[in-house]
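# A structural walkthrough
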Amino acid sequence: MTVSLHQDVVCAFCGSLCDDLEVEVENNEIKKVKNVCAIGRNKIMHQQPHNMAPLRVNGKECSLDDAYNEAARILTEAKAPIIYGLSSTTAEANSEAVELAELLNAAIDNPSSYCHGPGVLARQHVGMSTCTLGEVKNRADLIVIWGANPMESHPRHFNQYSVMAKGMYVPDGRKGRKVVAIDVRPTMSSKNADIFLQITPGSDFEIINVLRSLAKNLKLEGLTDESLVGGVPLANWRELVEMMKASHYGVVLFGIGLTQSRGKDLNIEHILSLVDELNRYTRFYAIPMRGHANVNGSNQVLVWRTGFPLAVNFYRGYPRFNPGEFSVFDMLIRKEVDAAVIIATDPAAHLPQAAVKYLQSIPTILIDPIENLVTPWANVVIPVAPAGIGTEGTYYRMDNVPLRLKKIIDFPCPSDYEVLHAIKERVSHVKNS
Amino acid sequence: MLKIVNGQVYDPINGVIGEGQELLIDNGKIVDSLSDENCQIIDASGCVVMPGGIEIHSHIAGPKVNSARSMCPEDHYDHFMIKTQKTRSGTGYTIPSTYMTGYQYSRLGYTTAFEAAVPALEARHAHEELKETPLLDSGIYTLMGNNYMIMKILSEKDEVGRRERLHDVVRWLLTSSKGYAVKVVNPGGVENWKWNNGSVDLDTPVAPFRITPRNIMIGLAETVKELKLPHGLHLHANRLGETGNFVTTLETMKALEGYPVHFTHLQFYSYGLTNKGALRSAAREIAEYLNTHPEFTCDVGQIVFGPATTMTADSPMQFRLHQLTGNKWINADVEMETGAGIVPMMYKPSVLFNAIQWCIGLELLLLIKDPWQIVLTTDHPNAGPFTSYPQIIRLLMDSDYRNSIIDQLHPKTTQFTNLKELKREYTLEEIAIITRSAPAKALGLTKKGHLGVGAEADIAIYKMLKNKERMFDSPAYVLKNGKIVVRDGIVIDSFAGRRLIVEPDGSKCLPPDLVKDFASYYSVALSNFAVQDEYLLHPEVIPCI
Amino acid sequence: MNSIEGLLITVRTGRQGAAMEKGKFSAEYIKEISTLVINPEDFSSLGLGSEKKAILKSHSAEITVTCQSVEGPKGIFFLPLGPLANMVIDGETNGTGVPNYKGIPVSVTAVK
């Protein structure tokens, strides 16, 4: 019996990429995980060799070669394929996916196009003042959590990096900082705040407008301290602006409560402008609470290879970018793709029904470690060794810090990179012959 | 095996100036004889043959470059490359995507490039991108000028212990990041920015340890010297871009006399002040100093009119630029180490300030007498894209052309500059020096920048043309590792280059008390910090001196 | 039959995340993604049956959910994003690439 203990393991669940996990392995099986949240533990414990998705072509078990050949056949016969997902796999696999997309003149997109993508677009308009999570831990004396619920989506974020963390100039941790939560309802996260501002849904843009005006000492015609802005009295917003200006190192952690509600990228453009303007008084920063562990990495790789972070189309042999036109959801709704590679994501769980229905009607290749909601109907299903458990590679944390994920146990299947590479080789062979 | 015949060879390191000389190439190197005379022959009649160009300071890979690409799609829409059988597609003008960056350098005859500013914490990212930047040998400079551990050590009382500990930390940072050189950016100034304190000068005490930029620069310059690193301290000094900063620049140079230092993008540091507080050129004062101090090298950071994307670890400078221009702005503080700022820019000949900046760069190039002391750069993409090098070469080689451009500048430009009076024209030898041989020497790369036996067969062959911009814009051939990769300005092959790193002697571990600091204040585990070997496809250790 | 109108907001929950990682065909996951969180006053005004089932109806579709009373704003309902919530979201993105995941006009009607 071989027992081994792996330390400083990087968790591959959310964009926090906690890198202090302890994993105990016995006979190539993960027995115990320490320093981990419930979600991370479940992910690691569940993604083990005995839980792999079946290897299948059209519902029948097959060899890897059969699967690769069928995938290559589907893709070479398609006129307008899409490669979609990549948010829970390595940068190395992402890079191979971009190369495959280029070879196929395909579209390529990742889930950020409907999660934090609006924030990415907002940055194209106004930029962003941001910092790494260690700076939040060491310096932040004011944290504003807006439209995010890290206690549920990034369970260790508060302890490791932000609200509760003890840092260089905030040695007392929670006691050393002010915390404000802004959301449409009380959450587990807002319970950790000194001030909770419960706002009406869809009012974020209006609120930020008022905050920017207050920060600039502009007169707000027709508003008194009692007037409600987004369901909260103006006096409270005034107080928040004073807190922001009085802080030494303020940080806004924003979530999809802001990117997906009315206003979308305009909400983010507005809040990033507020953060920018506050830098005239003090230091102020914003950090998007990225969800899938390497969704940032899928943006990063796409950017360095094509110049664009999401919604890229190689139809003309070079990268073009147009969110809303080449975004996965719009392309599916408009039936503009005729085959799909789904990798390291689950559109059937994330995308509105109309898109899922169309996806079901076209040839689909699924590359994922375990079964998900696409598995039952995908034409080709290829299980892979999960990144950070069965294969190593690079992930980008929500604050752009890259970390190398480790391989902990052996899997009887290839990695995402190897699968994409094998399909690419076959496609390339067909195209060149 | 390959032979280049009938070319006029410019190999300044070996004293070869335009002579007809055969070059024999085998196994990626220049050799003195070939076992098989029936090899491929390149007829370089009517051509100039030079070593491959060496980029000493450019921002081409890593977190800030990629953030800039992502922020500026408008930079990419009209500038793209379609995929070919051999090459990948790409987009971008001032901030091209990785493959396109490699191809663009290659099609100018450049074969080596250094990314000039990388935080150790995010070095993995830069290496990932360089892996996908083909046809270039490359390396990164590791940022240390605002590093917490370095500032902490410099504040310690015990002088001997301090020196040893500084060596340890610099070695640890360099080898963890797989870096090539020690980079300092606005020492102390970035830390001060995080405290919302103002601009720093040489002797401003900086929180939290109250040491000064002078302490930081001397401490690190001394360490670079004692570790015998192949490249000197790569210094982006304090007060970049501030009117009247040449005083600080000269003070900094004086403070660092006797140490190996490379002053980068010096154009931005040669700013004088008129009686009315306006910008004037102080290139003469800076050049005069350097003319009497041959131990220092610099690169110019020449302004190019048109779009640019400014990006630097000098976050306070970038915030000023953001406020000045109103253009969009990325700022990124990096825990324990540094910061970064990005602002897109447009340099216009009709804007007096820009016109003076443009003149200052050229004045430095023309007034510094020894071409071995100054390297051609645009601090890409800060002062302009590297793809403008051919145009700058023409400005240096052709004074009529230069004067014709001066005439198009803001009419008051000549009141504040001396460029029009300068008649010097660069020779091809001098161009070879400032684009290949001088950077090779400054970087301690003994197999690059020349064409002697044993040198790497990185070679550029340009058709001799009167218009030097056209000549250098479209080489007839470029060879990388002895393979033809560019033919008539078109990239015909694509493969990965080597990664250049250093391995100074001695411990590469962090001292125990700092291991504790690391655990408390970084947001990653120490064991996850160092860049793993997997990120370097073809590593090559360049020996210390 | 009691019915209330309001806005649906799709969300992420820790339990959904944890259940999802155990498998999207697990009972735990299916239970979590069909649990609609509503305000206590709204909850009692619905007059739900013993199983707390309700029909959630949007412009696109209607689905059956299980209601849970949790402190929060009136007239706003929360459902974890998943294959059920996906049914009631429409296909419009207003050219942004982002469907309207939050603030969907819906009605909730008790199933007796």
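This structure is a prediction, so every number in the text was calculated from the model and none was measured.

## Here's the deal with the interface of chain B and chain A
Counting from both sides, the interface comprises 59 residues of chain B and, opposite them, 67 residues of chain A. Approximately 5,000 Å² of surface area, both sides summed, lies buried where chain B meets chain A, with 48% of it carried by carbon and sulfur atoms. Contact with chain A buries surface across chain B, with Lys83(B), Glu128(B) and Asn528(B) losing the most and accounting together for 11% of the total. For the pair chain B and chain A, the interface holds 4 salt bridges. For Arg139(A), the salt bridge goes to Glu191(B), with nearest N and O atoms at 3.1 Å. Counting every contact that joins chain B to chain A gives 46 residue pairs in polar contact (both at pLDDT 80 or more). Partitioned by chemical class, the residues of the side of chain B that touches chain A number 24 nonpolar, 21 polar and 14 charged.

## With respect to the sheet that holds strand β3 (residues 29-34) of chain A
All names here are of chain A. Read across the sheet, 3 strands follow the order β1-β2-β3 without closing on themselves; strand pairing throughout is antiparallel. The sheet is open, and its two edges are formed by β1 (3-9) and β3, each paired on a single side. Shown here is a sheet whose adjacent strand axes are inclined to one another by a mean of 20°, direction ignored. Pairing of strand β2 (residues 21-26) with β3 involves 5 bridges; the strand directions are antiparallel. Pairing of Glu 26 across the sheet is with Glu 29, part of β3. Against the sheet, helix α1 (residues 38-46) touches β2 and β3, its axis set at about 170° to β3.

## Quick look at the pairing of strand β10 (residues 178-183) of chain A
Residue and element names in this part refer to chain A. In terms of burial, β10 is a largely internal element, 5 of the 6 residues being buried. Sheet analysis places β10 next to strand β11 (residues 195-198), joined by 4 bridges and oriented parallel. Bridging from a neighbouring strand, Ile 182 pairs with Leu 197 of β11.

## Observations regarding unusual backbone geometry
Residue Ala207(B) is joined to Pro208(B) through a cis peptide bond whose omega torsion reads 0°. One can find Pro208(B) in the loop between α6 (189-194) and α7 (213-226). Here the amide bond leading from His380(B) into Pro381(B) is cis, since omega sits at -5°, within 30 degrees of zero. With respect to the secondary-structure elements, Pro381(B) resides in the loop between β22 (374-375) and α12 (389-397). The backbone of Asn28(A) shows a phi angle near 60°, a positive value even though the residue is not glycine. Within the fold, Asn28(A) resides in the loop between β2 and β3. In this structure Asn28(A) comes out as partly exposed when scored by relative accessible area, which is 33%. Within the chain, Asn94(C) stands out as a residue other than glycine whose phi angle is a positive 55°. Inspection of the secondary structure assignment puts Asn94(C) in the loop between β5 (76-80) and β6 (102-110). For Asn94(C), a relative accessible area of 55% translates into the label exposed.

## A few points about the interface of chain A and chain C
Many authors give the size of an interface as the accessible area that is lost as the parts come together. If you look at the interface, chain A gives 41 residues, while chain C gives 41 residues. Between chain A and chain C lies a buried interface of about 3,400 Å² when both sides are counted; carbon and sulfur atoms form 61% of it. The largest per-residue losses of area from chain A upon contact with chain C belong to Arg185(A), Gln260(A) and Lys264(A), which jointly make up 17% of the total buried on that side. The residue Glu21(C) makes a salt bridge to Lys43(A) at a minimum N-O spacing of 4.0 Å. Joining chain A to chain C, the criterion identifies 13 residue pairs in polar contact (both at pLDDT 80 or more). At the level of secondary structure, the elements contributing two or more residues to the side of chain A that touches chain C comprise α1, α10 (256-259), α13 (328-333) and α14 (347-350) of chain A. With 5 residues, the top contributor of residues to the side of chain A that touches chain C is α1(A). Of the residues assigned to the side of chain A that touches chain C, the class counts are 20 nonpolar, 13 polar and 8 charged.

## Focus: the packing of helix α2 (residues 64-77) of chain A against helix α16 (residues 416-432) of chain A
Residues and elements named next belong to chain A. Close contact between α2 and α16 brings their axes to 9 Å; oriented N to C, the two are set at 55°. With respect to α16, the element α2 is oriented oblique. In the packing of α2 onto α16, the handedness of the crossing is right-handed. Residues Asp 65, Tyr 68, Asn 69, Ala 71, Ala 72, Leu 75 and Thr 76 of α2 form the contact with α16, whose own contacting residues are Glu 418, Val 419, Ala 422, Ile 423, Arg 426, Val 427, Val 430 and Lys 431. When its residues are assigned to classes, the contact of α2 with α16 shows 9 nonpolar, 2 polar and 4 charged.

## Some details on the packing of aromatic side chains
For the structure on display, the rule yields 28 aromatic pairs over all chains. Taking 5.2 Å as the distance between ring centres and 80° as the angle between the ring planes, the aromatic pair formed by Phe518(B) and Phe529(B) counts as edge-to-face. Separated by 11 residues along the polypeptide, Phe518(B) in helix α16 (residues 512-521) and Phe529(B) in the loop between α16 and β28 (539-541) bring together distant segments of the chain. Across the pair, Phe529(B) and Phe518(B) agree in class, each one buried. Grouping aromatic residues by their ring pairs yields a cluster made of Tyr105(B), Tyr110(B), Phe386(B) and Tyr389(B). Here the guanidinium or amino end of Arg283(A) rests over the ring plane of Phe319(B), the centre of that ring lying 5.6 Å away.

## A look at the domain arrangement of chain A
Residue and element names in this part refer to chain A. With domains assigned, chain A is organised as domain 1 (53-115 + 293-432) and domain 2 (117-288). On a C-alpha basis, the centroid separation for the pair domain 1 and domain 2 is 34 Å. Taken together, the contacts link 13 residues of domain 1 with 16 residues of domain 2. Buried surface at the junction of domain 1 and domain 2, both sides included, amounts to about 1,000 Å², of which 64% is carbon and sulfur. The largest share of the area that domain 1 buries against domain 2 comes from Cys 115, Met 398 and Asp 399, three residues that together contribute 50% of it. On inspection of domain 1 and its partner domain 2, the count reaches 0 salt bridges.

## Points about the side chain of Glu115(B)
Residues and elements named next belong to chain B. Here Glu 115 lies in strand β11 (residues 110-118). Assessed through its relative accessible area of 0%, Glu 115 is described here as buried. Side chain to side chain, Glu 115 and Lys 64 meet in a polar contact 3.0 Å long. The contacts of Glu 115, once residues within four sequence positions are left out, are Ser 58, His 59, Ile 60, Ala 61, Lys 64, Val 65, Gly 139, Ile 140 and Tyr 141.

## Things to note about the sheet that holds strand β8 (residues 127-131) of chain A
The strands making up a sheet are joined through hydrogen bonds of the backbone, oriented either antiparallel or parallel. Read across the open sheet, the 4 strands follow the order β8(A)-β20(B)-β21(B)-β19(B); overall the sheet is mixed. Each edge of the sheet is formed by a strand with only one pairing partner; in this case those strands are β8 of chain A together with β19 (306-312) of chain B. Put simply, the sheet's adjacent strands are angled 20° from each other on average, direction ignored. Across 7 bridges, β19(B) lies against strand β21 (residues 341-347) of chain B in antiparallel orientation. Residue pairing in the sheet places Gly306(B) in a bridge with Tyr347(B) of β21(B).

## Some points on the side chain of Arg185(A)
Locating Arg185(A) in the fold gives a position in the loop between β10 and β11. Buried and unpaired, Arg185(A) has Asp183(A) as its nearest opposite-charge partner, separated by 5.8 Å. In contact with Arg185(A), other than residues within four places in its own chain, are Ser190(A), Phe196(A), Gln198(A), Val11(C), Val37(C), Pro73(C) and Phe78(C).

Parameters and conventions
Residues numbered from 1 in each chain as written. Chains lettered and ligands numbered in written order. Predicted model: local features only at pLDDT ≥ 70, side-chain atom pairs only at ≥ 80, totals over all residues. Heavy atoms only, no water. Contact = heavy atoms within 4.5 Å. Buried area = accessible area lost by both parts, 1.4 Å probe. Salt bridge = Lys/Arg side-chain N within 4 Å of Asp/Glu carboxyl O. Polar contact = N/O pair within 3.5 Å; in protein donor to acceptor, adjacent residues only side chain to side chain. Nonpolar A, V, L, I, M, F, W, Y, C, P; charged D, E, K, R; others polar. Pairing = 2+ DSSP bridges. Helix = DSSP H or I, 4+ residues; strand = E, 2+ residues; numbered from the N terminus. Axes fitted to C-alpha atoms, helices over the stretch in contact; angles between N-to-C directions. Buried < 20%, exposed > 50% of the residue type's maximum accessible area, 1.4 Å probe, protein only. Parallel < 35°, antiparallel > 145°, perpendicular 65-115°, else oblique. Left-handed = near helix turned anticlockwise from the far one by under 90°. Phe/Tyr/Trp six-rings, centres within 6.5 Å; stacked < 30°, edge-to-face > 60°. Lys NZ or Arg CZ within 6 Å of the ring centre and 35° of its normal. Domains from an automatic or database assignment. Lys, Arg positive; Asp, Glu negative; His and termini not counted.

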